[in-house]
Amino acid sequence: MANLVTSLCCVVLAAVVVAYAQRRSQLVARNQYERMGSDVTMQCGSLDNDASVSWKVNGTDVKAQHHLEGPRLVLNEVDLGHNGLYSCFQNPHGERRDTIYLHIGIPPRDPTVTCRSNTYPKGFYCSWHQLHPTYIPTTFEVDVQHNQRSLEVQKDPDHKNRCRVRFPEVFSSYPYKVNVTAVNALGKASTTISFEESSIVKPDPPERVTATPIRFNARRLEVSWQSPATWPDIDNFPLKYFLRYRPLIREQWQHVELSDSTSHTITDAYAGKEYIIQVAAKDTEIGTWSDWSVAVHATPWIEDPLPITSTTEVDFPTETKTSPIPSSNAPQKAEPPECCCCLCDVNVLFLKGVGGGRGGGGGGGGG
Ligand SMILES: *[C@@H]1O[C@H](CO)[C@@H](O)[C@H](O)[C@H]1NC(C)=O
Ligand SMILES: *[C@@H]1O[C@H](CO)[C@@H](O)[C@H](O)[C@H]1NC(C)=O
């Protein structure tokens, strides 16, 4: 007797658990991923073919082009507008039977992969990106091989699509093989690149570049900088530097290559001209030149210097190549004319335009 009661209890309990699980699966939305442009079928739970259901998306009746096949909703040529939360309700009582989150997307294409070592000889990093959006979550798997061995790959904490790898040895002649696979619910695609240690070495630009005039010397500028902080062993892996400078009014750069020195004196500056100066770095033996450092501006020492007004925004357009020391028009900007309305605005706009044009020129030089 006691046995029978226990068995009955078990059966009832099991039934309750099954019923609960079913209800739960009806209430919790599941994801369905579909390819853009395809015809999509959504099945309402596990209802039979003769079941009659109605569908809602985001809580309202489905308006998009569709038809019903019993418990199935068929959408034609879906696009992003079909994304949404779909629910089906069994007729005639309207009980909800299923909830589907429909995500329209595209399978990934081969990612673009580049690798670079700015921390030679410690390690290198690889970064990748997709040229085309996939509209659905896409993850990347990275595999790095060297001399028939898989290397440990670490996610970069600061950059999303980037990972870091330590060099297992220095001066290795074996190539590195990096395979990046993009994966999402609709497919996957991979890109493999292969390179030698020496070809990916590219330091970060030099830092803290300063240029200062030299007193009583109208043609000199003292330029100094520091090696990039990311370069780990400057003593054993020295860098050489490349300096370029030009007066703002000229397009043509002048260049100086320097081995192992972190300062240089420009001796041929035009008196009174404002200069723009940048520095790049490279390992003395391998790899490529860094990008240019942030541009610094400096003007050689001027006898009886004019009162210095903030920066340099105003003299540029009035200056010609033959003009001597530029007569500063800057104060005009500082004193807003006492006028009303539009004239002032015109002036302000003009001044802004000048500043922007110059900034753009400096940036272009950085490329
Ligand atoms: C449903 O709502 C989502 C987010 O609010 C929206 O992006 C989507 O277009 C809606 N879907 C439909 C079919 O209205
Ligand atoms: C790259 O990795 C993916 C995923 O692990 C794999 O399917 C593919 O064959 C690999 N490609 C190469 C060239 O090794």
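Here goes a summary of the coordinates provided. Since we're looking at a predicted model, the values are computed, not measured.

This part takes up the pairing of strand β22 (residues 275-283). With 9 of its 9 residues buried, β22 lies for the most part within the structure. Of the two faces of β22, the one holding Y275, I277, V279, A281 and D283 and the one holding I276, Q278, A280 and K282 are both buried throughout. Where strand β19 (residues 239-247) meets β22, 9 bridges bridge the pair, whose relative direction is antiparallel. Within β22, the position partnered with R246 by the bridge is I276.

Let us now look at the state of the cysteines. Here the structure, examined in full by the defined rule, presents 2 disulfides. The disulfide bridge from C44 ends at C88, spanning 2.0 Å between sulfur atoms. An S-S torsion of about 80 degrees defines the bridge between C44 and C88 as right-handed. Taken as a pair, C44 in the loop between β2 (40-43) and β3 (53-57) and C88 in strand β7 (residues 84-90) lie far apart in primary sequence, 44 residues in all. For C44, a relative accessible area of 0% gives the class buried. Note on C88: relative accessible area 0%, which makes it buried. Each sulfur in the disulfide pair C115 and C126 lies 2.1 Å from the other.

The local shell around ligand 2 consists of N179, T181 and T192. Contact distances for ligand 2 include 2.3 Å between an oxygen atom and a side-chain N or O atom of N179. Within the side chain of T181, one N or O atom sits 3.3 Å away from an oxygen atom of ligand 2.

The residue G272 is located in the loop between β21 (263-266) and β22 in this model. The class of G272 is buried, set by a relative accessible area of 8%. In sequence terms G272 and I302 are 30 residues apart; their C-alpha atoms lie 5.9 Å from each other.

Before going further, it helps to examine the side chain of E274. On the secondary structure map, E274 appears in the loop between β21 and β22. The exposure class of E274 is buried, given its relative accessible area of 13%. Within polar-contact distance, the side chain of E274 engages the side chain of H297 at 2.8 Å.

By nearness alone, every residue bordering ligand 1 is listed as V57, N58, G81, N83 and G84. Here N58 contributes a side-chain N or O atom positioned 2.3 Å from an oxygen atom of ligand 1. N83 places a polar main-chain atom, nitrogen or oxygen, 2.7 Å from a nitrogen atom of ligand 1.

Rules and cut-offs
- Residues numbered from 1 in each chain as written.
- Chains lettered and ligands numbered in written order.
- Predicted model: local features only at pLDDT ≥ 70, side-chain atom pairs only at ≥ 80, totals over all residues.
- Heavy atoms only, no water.
- Buried < 20%, exposed > 50% of the residue type's maximum accessible area, 1.4 Å probe, protein only.
- Helix = DSSP H or I, 4+ residues; strand = E, 2+ residues; numbered from the N terminus.
- Pairing = 2+ DSSP bridges.
- Disulfide = S-S within 2.5 Å.
- Near = heavy atom within 4 Å.
- Polar contact = N/O pair within 3.5 Å; in protein donor to acceptor, adjacent residues only side chain to side chain.

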